Amino acid sequence: MTDNHVEAVLEAQRAQLVKIPWVHGESTYINQTLNTPETVPRFVLVYDKPTAPHQRVEVLRGIVTLGSGLSGHVDICHGGITTTILDEMMGLLVVANLRRQAIPGPAYMTAYLNTTFLRPVAANRTYVVVARIAKLEGRKLFITDTLEDGDGMLLAKGEGMFVRLKEKIFVLDCARTTGPDFAVIQLVTILLAGRACIANMPAISSCPTARENDTLTLHDRFPPSAPLDWNSFFRLRKQRRRWQLGFSVVLGVAGSGGGALFLSTGAAEWAVSLVPLEQFVTLGLMTTGFGLLGWLAGPSCGSLVFNALNRQHRAQMLLREVQFFARIKKHRVDPTASSMSNPVPDYYGEKISSVAGYRQWLKDQRAFNKKRTTFVR
């Protein structure tokens, strides 16, 4: 097998070396489990550097060596590793574009991957994998890729669709994974400089580590207008509660008034006749029910308006809320030990509106525990 095709990829003009992502346990299957001399000793990625800062990377090329430890049949790689490499290349193309902020974030997950095997993939050989963006439709990103040998012969191809995660789901999922006190969430791979790494095709583990400013954090994906400290978080939380309360009052009154007008038309006479109460009482209860429905819809409508007016703080608010409720859950008292003389002090932390209020809440929790152990019933 000749290496002309491989050399042509490595000598691509304005190419940049990209390391396979390994952030918070990501891609350990490639970076650790398969990164051995007998499996995948080398995996080098290059792409033509776009001219514009946020221009999309349309094509990503990879040079991968598949060792003898990946055989299914004798000297033939298992079909599963072919699918794995194709899927990894698609994901890395997504990562490269997220790193450049060329596609909407914060993250994507594989929805499906279809693999077509055209020819056997021999072990102990080096191959070229090429991934291309087919189209982007809303939250759906379609990618195709191919696996070729050193002569450019097509061996396998794949078609996949990646779905962009919604912001709230992504933040809460990261919080569950890394804990409530994580500082930043690294989303994407690291770009490494140096033509020497490309020319020598080093093992993955021998590539130099990235600089701190080469990583993309959650705050890079959602840049805030100003740092959101805890007092600002409580202030915004109080504003949101006021919006919710205001909409509850307005919608409650509107629901009662609208319900009264609706009932006055006589359109609900059939329902009134089914209730074994005085007609006046029944109409009053129905009017109250309409008002109650409006009151219950108020918090949802208030939250929508608040989020629309404070979009720049939305991601940070979500992070702070995850951290806040984790602290509440950690420090609140056991409600089973409460009594008439020692009630639970603000179990859900709903009355906390400032840092000073949070400190007072902690004191109340300690006082409850102290009274529980010293008070004689």
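Residues numbered from 1 in each chain as written. Predicted model: local features only at pLDDT ≥ 70, side-chain atom pairs only at ≥ 80, totals over all residues. Heavy atoms only, no water.

The protein chain is annotated in an unreviewed UniProt entry as Presequence translocated-associated motor subunit PAM17 of Phyllachora maydis. Per UniProt, the protein chain has the following entry under Function (unreviewed entry): "Component of the PAM complex, a complex required for the translocation of transit peptide-containing proteins from the inner membrane into the mitochondrial matrix in an ATP-dependent manner." (UniProt positions renumbered as here; feature names shortened; annotations may be inferred.)

Below, the discussion takes up unusual backbone geometry. We note that Asn124 has phi near 60°; this positive angle belongs to a residue other than glycine. Relative to the helices and strands, Asn124 resides in the loop between strand 4 (108-117) and strand 5 (125-137). One non-glycine residue, Asp346, lies in positive phi territory at about 50°. Position of Asp346 relative to the elements: it lies in the loop between helix 10 (314-331) and helix 11 (355-374). (Helix = DSSP H or I, 4+ residues; strand = E, 2+ residues; numbered from the N terminus.)

Together, Leu245, Val249, Val253, Phe262, Phe290, Leu292, Leu293, Trp295 and Leu296 make up a nonpolar patch on the protein surface, roughly 880 Å² of accessible area in all. Elements represented by at least two residues in the nonpolar patch include exactly helix 7 (230-264) and helix 9 (279-309). Among the elements that make up the nonpolar patch, the one with the highest residue count is helix 9 (five residues). Along the chain, Trp295 falls in helix 9. By relative accessible area, Trp295 is classed as partly exposed at 40%. (Patch = residues over 30% accessible without salt bridge, like charges linked within 9 Å, V, L, I, M, F, W, Y side chains within 5 Å. Areas by Shrake-Rupley, 256 points an atom, 1.4 Å probe, with all protein chains shown as cover. Salt bridge = Lys/Arg side-chain N within 4 Å of Asp/Glu carboxyl O. Buried < 20%, exposed > 50% of the residue type's maximum accessible area, 1.4 Å probe, protein only.)

Our focus in this paragraph is the nonpolar core. Membership of the largest hydrophobic core comes to 36 residues, with the highest contact counts inside it found for Phe43, Val64, Leu66, Val94, Leu141 and Ile143. Residue contributions to this core peak at ten residues, all from helix 3 (residues 79-99). Those residues in contact with Val94 that lie beyond four places of it in its chain are Ile103, Tyr108, Leu141, Ile143 and Phe162. (Core = buried A, V, L, I, M, F, W, Y, C linked by side-chain atoms within 4.5 Å. Contact = heavy atoms within 4.5 Å.)

With that settled, the discussion passes to the packing of helix 7 against helix 9. In a packed pair of helices, the relevant descriptors are the angle between the two axes and the axis-to-axis distance. At a minimum axis separation of 5 Å, helix 7 and helix 9 run at an interaxial angle of 145°. Note on packing geometry: the crossing formed by helix 7 with helix 9 is right-handed. Split by residue class, the contact of helix 7 with helix 9 holds 19 nonpolar, 13 polar and one charged. (Axes fitted to C-alpha atoms, helices over the stretch in contact; angles between N-to-C directions. Left-handed = near helix turned anticlockwise from the far one by under 90°. Nonpolar A, V, L, I, M, F, W, Y, C, P; charged D, E, K, R; others polar.)

A word on the pattern of salt bridges. Counted under the stated rule, the structure contains three salt bridges. We note a salt bridge from Arg240 to Glu321, for which the minimum N-O separation is 2.3 Å. Taken together, the residues span a long stretch of sequence, with Arg240 in helix 7 and Glu321 in helix 10 at a distance of 81 residues. What makes Arg240 buried here is its relative accessible area of 16%. For Glu321, a relative accessible area of 15% translates into the label buried.

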